[in-house]
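Observations on chain architecture
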Amino acid sequence: MKPIFRRCGHAPGTLTPEDQAAVDQFRALLAALRDPQPWTPGQSQDIAVRVGPFVERAHPRTGDDHGDVIAVALQHPSGSYLPYGERYRKLGWLQCETTTILGAWQPAYEPLTHAAAGLDLPDDVGMAPANYGIDIEARRSDGTGYTLLRIGPYFQTRLASRDAERLNTELAGKATTVMPGFTVTAKAAPFDDSDHESYDDPYATDAAVLLAAAIPPEVTA
């Protein structure tokens, strides 16, 4: 027997306002997935990014939103500073590969978020922290040595790269004489938040001043 479904109080083939709203929402979701709105770097525009099987709203960090990897902060789908929004912001700035970006954020994506499923964001969202640092290393010719200085966090990768290049320019030609027996070089590296106490703040003191202070006194005498 072929079952016949009818809604009490409604003519056959009609939808309740609630059902119509659900249909409209689903159609909007399909349209957003089929034809996403383009995202343009430098516009401070929230984006939709894939996090596992979910889609989340993310806010790019101004000045660090160009290239294959950008810095983003995951947001509650309805915006920041909402109830339990702290769960979304607890991860801080993250490195987001642009291949995971669907396009500009649209409210139609909200049913695909963790929040819509009643879930908190997982501790591991597949994105590394997006703060950067500089490691200044002193190495012997046999490859042994130690880290002379760590500077960070930088909140834009270009600033970390700029200071690393500036330090290496100052060291050029004298990298082996700054500390006899060692070659001293600076390189940009991910900021290790779990070891933040070992870093000097580049926004409080210039990187070149920090480097000069880190060189043992007997070497500079």
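In the block above lies the structure referred to throughout.
My aim in this report is to walk through the structure given alongside it, one point at a time. (Residues numbered from 1 in each chain as written. Predicted model: local features only at pLDDT ≥ 70, side-chain atom pairs only at ≥ 80, totals over all residues. Heavy atoms only, no water.)

**Some remarks on the environment of Thr99**
- Among the structural elements, Thr99 can be located in the loop between β4 (94–97) and β5 (101–104).
- Classification of Thr99 as exposed rests on a relative accessible area of 58%.
- Each C-alpha atom of the pair Thr99 and Arg50 lies 9.2 Å from the other, and the pair is 49 residues apart in sequence. (Helix = DSSP H or I, 4+ residues; strand = E, 2+ residues; numbered from the N terminus. Buried < 20%, exposed > 50% of the residue type's maximum accessible area, 1.4 Å probe, protein only.)

**A look at the sheet that holds β5**
- Taking strand neighbours across the sheet as the criterion, the 5 strands line up as β4-β3-β2-β1-β5 in an open arrangement whose pairing is antiparallel. In this open sheet, the two strands that pair with only one neighbour each are β4 and β5. Shown here is a sheet whose adjacent strand axes are inclined to one another by a mean of 50°, direction ignored.
- With 5 bridges connecting them, strand β1 (residues 47–51) and strand β2 (residues 54–60) associate as antiparallel partners. Bridge pairing in β2 places Val49 opposite Glu56. (Pairing = 2+ DSSP bridges. Axes fitted to C-alpha atoms, helices over the stretch in contact; angles between N-to-C directions.)

**Looking at the pairing of strand β7 (residues 145–154)**
- Both strand β6 (residues 132–139) and β7 contribute to a ladder of 7 bridges, which runs antiparallel. Along β7, the bridge assignment pairs Ile134 with Ile151.
- Taking the residues between adjacent antiparallel strands as the criterion, β6 and β7 are bridged by 5 residues, where Gly143 takes a positive phi near 95°.

**Quick word on helix α3 (residues 157–171)**
- With 15 residues, α3 should reach 21 Å at 1.5 Å per residue; the first-to-last C-alpha distance of 21 Å fits that figure.
- Taken as a whole, α3 has its buried residues at Leu159, Ala160, Asp163, Ala164, Leu167 and Leu171. Taken down its axis, α3 places every buried residue within 135° of arc, on the same side. Within α3, the exposed residues directed more than 90 degrees away from the buried face are Arg158, Glu165 and Thr169.
- Those residues of α3 that are buried lie in contact with β6, β7, β8 (183–190) and α4 (207–214).
- Of the residues trailing α3, Gly173 is marked for its positive phi of about 85°. (Expected span 1.5 Å × (residues − 1). Arc of directions from axis to C-beta. Contact = heavy atoms within 4.5 Å.)

**Brief notes about the nonpolar core**
- Of all hydrophobic cores here, the largest spans 25 residues; its most connected members are Ile134, Ile136, Ile151, Tyr154, Leu167, Met179 and Val184.
- Those elements that provide at least two residues to this core are β6, β7, α3, β8 and α4.
- Residues Val49, Ala58, Leu121 and Met127 belong to the second largest nonpolar core, which totals 14 residues. (Core = buried A, V, L, I, M, F, W, Y, C linked by side-chain atoms within 4.5 Å.)

**Quick word on α4**
- Buried within α4 are the following residues: Ala207, Ala208, Leu210 and Leu211. Each buried residue of α4 sits inside an arc of 160° when the element is viewed along its axis, so together they form one side.
- Of the surrounding secondary structure, the elements contacted by the buried residues of α4 are β6, β7 and α3.
- Backbone nitrogen of Ala208 and a side-chain oxygen of the N-cap are separated by 2.9 Å at the start of α4; the cap is Asp206. (Polar contact = N/O pair within 3.5 Å; in protein donor to acceptor, adjacent residues only side chain to side chain.)

**Observations concerning the sheet that holds β8**
- As summarised here, the arrangement of the 3 strands in space is β7-β6-β8, forming an open sheet in which the pairing is antiparallel. Two strands lie at the open edges of the sheet, namely β7 and β8, each paired on one side alone. Going from strand to strand, the sheet's axes swing by 20° on average, the running direction of each strand aside.
- α3 rests against β6, β7 and β8 of the sheet, and its axis sits at about 175° to β8.
- Across the sheet, α4 touches β6 and β7, and the angle it forms with β7 is around 155°.

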